[in-house]
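Letter by letter, the chains look like this.
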Amino acid sequence: MKILLVGSGGREHALALGLKADKKCSELHVAPGNPGIAEIATTHPLVITDNQAILSLAQSLGVDLVVIGPELPLVNGAADILRAAGIATFGPSKAAAALEGSKDFAKGVMRDAGVPTARSFTCTTESEINIALDTFGAPYVVKDDGLAGGKGVVVTEDRATALTHALSCNRVVIEEFLDGPEISLFGISDGRNILAMEPAQDFKRAHDNNQGPNTGGMGAYSPLPWAPDDIIEQTYEKVLAPVVAEMAARGTPFIGLLYAGLALTKNGIKVIEFNARFGDPETQVLIPRLLTPLADLLYKAATNSLDDTVLHWSDTSAVTVVLAAQGYPQSPVVGEKITAPDPQESTLIFHAGTQEKDGSLISSGGRVMSVTGIGNDLESARHRAYKQISTIGLEGSFYRSDIALVASLAQVEN
Ligand code: AMP
Ligand code: GLY
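Model, not experiment: these values are computed from the prediction. (Residues numbered from 1 in each chain as written. Chains lettered and ligands numbered in written order. Predicted model: local features only at pLDDT ≥ 70, side-chain atom pairs only at ≥ 80, totals over all residues. Heavy atoms only, no water.)

Trainee: What is the right way to read the site of ligand 2 from this model?
Mentor: Near ligand 2 the following residues occur: D202, G216, Y259, N275, R277, G279, D280 and E282. In this structure, a nitrogen atom belonging to ligand 2 sits 2.8 Å away from a side-chain N or O atom of D202. Note that an oxygen atom of ligand 2 is positioned 2.9 Å from one of the side-chain N or O atoms of R277. Contact with the protein chains removes 88% of the 200 Å² of surface that ligand 2 exposes when unbound. Along the lines of polarity and charge, the residues of the shell around ligand 2 split into 1 nonpolar, 3 polar and 4 charged. (Near = heavy atom within 4 Å. Polar contact = N/O pair within 3.5 Å; in protein donor to acceptor, adjacent residues only side chain to side chain. Areas by Shrake-Rupley, 256 points an atom, 1.4 Å probe, with all protein chains shown as cover. Nonpolar A, V, L, I, M, F, W, Y, C, P; charged D, E, K, R; others polar.)

Trainee: Looking at this model, I keep getting lost on the site of ligand 1. Mind explaining?
Mentor: The environment of ligand 1 is made up of 14 residues, and the closest members are K143, E175, L178, E182 and E273. With respect to ligand 1, the side chain of K103 contributes an N or O atom lying 3.3 Å from an oxygen atom. Between ligand 1 and E175 there is a distance of 2.6 Å, counted from a nitrogen atom to a side-chain nitrogen or oxygen. In isolation ligand 1 offers 480 Å² of accessible surface; the protein chains occlude 88% of this area. Secondary structure elements with two or more residues in the shell around ligand 1: strand 7 (140-144), strand 8 (153-156) and strand 17 (268-275). Residues of the shell around ligand 1, tallied by class, amount to 6 nonpolar, 1 polar and 7 charged. (Helix = DSSP H or I, 4+ residues; strand = E, 2+ residues; numbered from the N terminus.)

Trainee: What is the right way to read the pairing of strand 15 (residues 219-222) from this model?
Mentor: Looking along a regular strand, one sees side chains alternate from face to face of the sheet. Of the two faces of strand 15, both are covered, the one formed by G219 and Y221 as well as the one formed by A220 and S222. Pairing of strand 12 (residues 201-202) with strand 15 involves 2 bridges; the strand directions are antiparallel. Bridge pairing in strand 15 places D202 opposite A220. With 4 bridges joining them, strand 15 and strand 18 (residues 317-324) adopt antiparallel strand pairing. (Buried < 20%, exposed > 50% of the residue type's maximum accessible area, 1.4 Å probe, protein only. Pairing = 2+ DSSP bridges.)

Trainee: Which parts of the structure should I look at to understand the pairing of strand 16 (residues 255-265)?
Mentor: In terms of burial, strand 16 is largely enclosed, as 11 of its 11 residues are buried. As defined by bridge partners, strand 10 (residues 182-190) adjoins strand 16 across 9 bridges and the pair is classed as antiparallel. Note that in strand 16 the partner of D190 across the bridge is I255. Taking the residues that link successive antiparallel strands as the turn, the strand 16-strand 17 hairpin has 2 residues.

Trainee: Where do I start with unusual backbone geometry in this structure?
Mentor: For residues that are not glycine, phi is negative in most cases, and the peptide bond is trans in most cases. The omega torsion of the bond from S222 to P223 falls at 0 degrees, within 30 degrees of zero and hence cis. The topology assignment puts P223 in the loop between strand 15 and helix 9 (231-249). That bond from Y328 to P329 is cis: its omega, 5 degrees, falls within 30 degrees of zero. Mapping P329 onto the fold places it in the loop between strand 18 and strand 19 (338-339). One non-glycine residue with positive phi stands out, namely S346, at about 55 degrees. Note that S346 resides in the loop between strand 19 and strand 20 (347-351). On the accessibility criterion, S346 (30% relative accessible area) is partly exposed. Positioned with a positive phi, A404 is a non-glycine residue whose angle comes to about 65 degrees. By the element assignment, A404 lies in the loop between strand 24 (393-394) and helix 13 (405-413).

Trainee: Got a minute to help me understand the sheet that holds strand 6 (residues 120-123) in this structure?
Mentor: Whether parallel or antiparallel, the strands of a sheet pair through hydrogen bonds between backbone atoms. Taken in spatial order, the 4 strands make up an open sheet running 6-9-7-8, and their pairing is antiparallel. The two strands at the open ends of the sheet, each matched to only one other strand, are strand 6 and strand 8. On average, adjacent strands in this sheet sit at an angle of 20 degrees to one another, irrespective of strand direction. The pairing of strand 6 with strand 9 (residues 172-175) spans 4 bridges and is antiparallel. From the neighbouring strand, T122 faces strand 9, where its bridge partner is V173. (Axes fitted to C-alpha atoms, helices over the stretch in contact; angles between N-to-C directions.)

Right, dumping it as structure tokens:
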């Protein structure tokens, strides 16, 4: 099977590794990719917002499957164009990707499907905004309806800050605050069936103890020893299966990766958000633990044939730590030289914001690399990840030191 993977981040590097490891994958192409991905796949230049360019590349390579990593091409309808040309595609249509592209749309689907989520109002005027803010009170949760590159959500005790953010959005979803730990649980869907993956936890704030600004994600780990034993079944029954059924009933089946961001509240699980693609950096801990061959799995999802598939997982734990550039997320410094030795045993290095220039590796984005450690428990996985990341040289870079720390201490105590 010849495969084209679209994207260039740590998530795509992890997916590329998984696809490549499946013996059914005879050729792996990634566009645009990055220097780390180029070591294991053939990379091609690509502007990912250019749907015609994606189609032309897939056609000229004669691929059997296209896997779309990031949300932008999905929300732009790249999957529709590929499918219309008869190319099997893992990634939802434009209509189905609206689960990520519009918070209001996602709320409507959840309402119709009976999926537990925060109560909310969608507002377009200042008076509607004021009513919504006062109905729920502090902490205020204010969400830009559309894609906002991770900057759309403001959670604040300060009403004036909440109002300012709400007024800066065209359309805004204001909702009740959900209290409880957050987890990410992904489902792989062929439009009718959905297979729930193991849960992971992401660390969104830039600094230790969840301080500092929101980021795209500074680290992740899986599994979650502290989560309820039936978290996968619960999420499947209450969230993933109803959403897939609802999308199919609307005539816009969801084919691809449904990312459920959940809060485990005292009243049960509630959906915080959906994404229409693999999460980053959660993918960097999930793919190394997934035993089910990935190319065959994503091909089956893309061709409506997941009926008899089950997911198998290794008993290992995985912890990933993101190396961020100085100034991330506000104004990352780029163009600095990176020195990265080969990974040690049970350790993987994933590239994201890296570039090759005159034979050297340089930084080209905020999240530069991520390092995944794998071990028998979280403590050994953490140890490996941190030992490896400390060997990477990049002026001014930083990483959190507490990824999976609390969960690993609790695991040792039990
Ligand atoms: P998002 O950009 O949608 O990933 O949201 C960013 C973060 O805002 C989430 O990871 C949560 O920590 C927080 N958040 C979003 N919605 C809520 C909510 N209803 N209650 C509490 N926190 C929330
Ligand atoms: N890990 C958060 C995201 O992928 O959106």
